[in-house]
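# Per-entry structural report
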Amino acid sequence: MSVVSLQLGQCGNQIGHELFSVISDDSNGPNRKKYKQCSDDRFFYETSAGELVARAVLVDMEPKVISQAIAKASKSGRWRYGDKAHFSQKQGSGNNWANGFCVHGPRHEEAVEDLVRKEIERCDRLAGIFTMMSVAGGTGSGVGTYITQRLRDLYPNSFILNQVTWPYGAGEVIVQNYNSVLTLSHLYQLSDAILVHENDTVHKICSRLMNIKHISISDVNKVIAHQLASVLQPAYTADSPCHYSTNPIGELMSSLVSHPEYKLLSLCNIPQMSSTSLAYSVFNWPGLLKHLRQMLIASARMEEAPTSEVPPAAEEQPEQDVLDRDDIVAVKFSVKAPNMPYITEPGHPKCFPLEIGLTLMANKGPSAPEIIKLLDWQEETDHYIMVMERPFPCMDLLSFKQLLFEMVCRDFPIAEDLYMTAANIWTSPGLSQECCELICDCLQPKPKKRLALEKIHLHDWFKVMD
């Protein structure tokens, strides 16, 4: 099934071009014939000359950005936009939502609807309509909202997924807050789901995880396109373990939009790092899933280095109301072992994992600063979570071991360093094998696997130095 994309305004056209570039690059890897066939059928159609043409319509009230996107796509040599699949005018919308929604939208609706209809007619089976737009400007927000309204009237039984880019908190558009509210209030009634990307969050990903020194709009767009491609490209699912999924938008809706009123979606993915670092990184599914669970517990919108501190609001339980918003807590996430022992406690009808039970029993005695209080806990099928007080001041030996890394490597450990040390495969040019092994032993994500402070001086590295 095919997806017809609609790129609206400057932001939508720039993100759309990056998205099709990512999809094209991913499908051209080695041993991906079946994957490429499925991906190409979903996002492109092939001309009689064998060229791949994106199933997309480009709309903007100024021609500059559209011309740049068309030129870049043609220059890539792998795909291009349709010759007549774009619409532009000589004047913009002036960052005015009302100007786009009430003036440009009604004035040019027939031309845009005709372009979308032609793209839909090229599809053997339509999976849905995917729009990309900003909520802060005039064309993307105003015209985009009006076109979405018209598409809902013309294709009432088709899925419509709107990707919207939320502006920077300190944006340059003085009326961006009004534009954003007006856009969301209309899209919430028209769209089947709204996928939101926040510029501030994506900017932090570029700075902290991608290590980009001078961040440009292109860098931000590439991260957004990478995240979009991760959920729209062909994948195996539980319903089709031997075949690629055929309806990406429909499966996304059925899994995440369980009620018509719950349609605001956000997207988090890991690992997020530069392409040059991926070649030196090793990952496994259990580790990635555990990291995603920790991000969900901490309400983290981006991947961070392992830490036990989380915002207290993310761990509040309305039934017990045991945490104050000014408290800093420590959260421990433990995976259950196959033969993990349980313990019973008087007055409780159920058994507890041994660690939780012993901590509860210790908390019943007289209060002492040496005994950490268990504030809350939750047990799941394959793991349990403990929310505990975090003493202050708190000495963390992991910080000391990170200092050792900085002294040896003359730099801070980044995300890929932590992944490689967790897998005991981290190396660095100019360092001995014993030194690399010591770094791996010190920076293990699980405290029990880290080398104890009193045993560090017994490590082989110090013996080699002697």
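This text gives an overview of the structure that appears in the document. Keep in mind that what you see is a predicted model, and the values were worked out from it rather than measured.

Within the protein chain, the secondary structure is distributed over 17 helices and 15 strands. Across the 466 residues of the protein chain, 45% fall into the buried class. Here the analysis covers contacts within the protein chain between residues at least 6 apart in sequence; of these, 66% occur between residues at least 24 apart. When the accessible area of the protein chain is evaluated, it comes to approximately 25,400 Å², of which 54% is carbon and sulfur surface.

A few words now on the nonpolar core. Judged by nonpolar contacts, the single largest core of 43 residues is most densely connected at L19, F20, F44, W79, Y81, F130 and L161. Ranked by residues supplied to this core, first place goes to helix α8 (residues 217–232) with seven residues. Among residues more than four places away in sequence, those in contact with W79 are H17, F20, S21, S24, F44, L52, A54, A73 and S74. Ranked by size, the runner-up nonpolar core spans 27 residues in total, among them L115, C123, Y155 and V196.

Another point: unusual backbone geometry. Here the phi dihedral of N424 falls at roughly 60°; this positive angle occurs in a residue that is not glycine. Here N424 shows up in the loop between α14 (415–422) and α15 (433–442). Take N424: its relative accessible area is 48%, and that puts it in the partly exposed class.

A few words now on the packing of helix α4 (residues 97–121) against helix α5 (residues 139–154). Closest axis-to-axis distance for the α4/α5 pair is 7 Å, and the angle between their directions is 45°. Between α4 and α5, the angle falls in the class oblique. The chirality of how α4 crosses α5 is right-handed. Contacts between α4 and α5 involve W97, G100, F101, H104, G105, P106, E109, V112, E113 and V116 on the former and, on the latter, S141, G142, V143, T145, Y146, I147, Q149, R150, L151 and L154. Within the contact of α4 with α5, the residues separate by chemical class into ten nonpolar, seven polar and three charged.

A few words on the sheet that holds strand β4 (residues 56–60). Taking strand neighbours across the sheet as the criterion, the seven strands line up as β5-β4-β1-β6-β7-β8-β9 in an open arrangement whose pairing is parallel. What marks the edges here is a single partner per strand, and that holds for β5 (86–88) and β9 (264–265). Examined bridge by bridge, strand β1 (residues 2–8) and strand β6 (residues 126–134) share six bridges and lie parallel to one another. Bridge assignment links V3 to a residue of β6, and that residue is G128. Against the sheet, helix α1 (residues 9–27) contacts β1, β4, β6 and β7 (160–166), and its axis sits at roughly 140° relative to β1. Those strands touched by helix α6 (residues 176–190) are β6, β7, β8 (193–198) and β9, and its axis lies near 165° from that of β7.

Another aspect to go through is the pattern of salt bridges. Counted according to the given criterion, the structure contains 13 salt bridges. With its nearest N and O atoms 3.0 Å apart, the salt bridge here joins E121 to R117. One end of the pair, E121, and the other, R117, are both in helix α4, four residues apart, so they sit about a helical turn from each other. By relative accessible area, which is 54% here, E121 ends up exposed. Of the residues examined, R117 reaches a relative accessible area of 33% and is grouped as partly exposed. Among the salt bridges present, the one from E379 reaches K336, with a minimum N-O distance of 2.6 Å.

About the criteria used
- Residues numbered from 1 in each chain as written.
- Predicted model: local features only at pLDDT ≥ 70, side-chain atom pairs only at ≥ 80, totals over all residues.
- Heavy atoms only, no water.
- Helix = DSSP H or I, 4+ residues; strand = E, 2+ residues; numbered from the N terminus.
- Buried < 20%, exposed > 50% of the residue type's maximum accessible area, 1.4 Å probe, protein only.
- Contact = heavy atoms within 4.5 Å.
- Areas by Shrake-Rupley, 256 points an atom, 1.4 Å probe, with all protein chains shown as cover.
- Core = buried A, V, L, I, M, F, W, Y, C linked by side-chain atoms within 4.5 Å.
- Axes fitted to C-alpha atoms, helices over the stretch in contact; angles between N-to-C directions.
- Parallel < 35°, antiparallel > 145°, perpendicular 65-115°, else oblique.
- Left-handed = near helix turned anticlockwise from the far one by under 90°.
- Nonpolar A, V, L, I, M, F, W, Y, C, P; charged D, E, K, R; others polar.
- Pairing = 2+ DSSP bridges.
- Salt bridge = Lys/Arg side-chain N within 4 Å of Asp/Glu carboxyl O.

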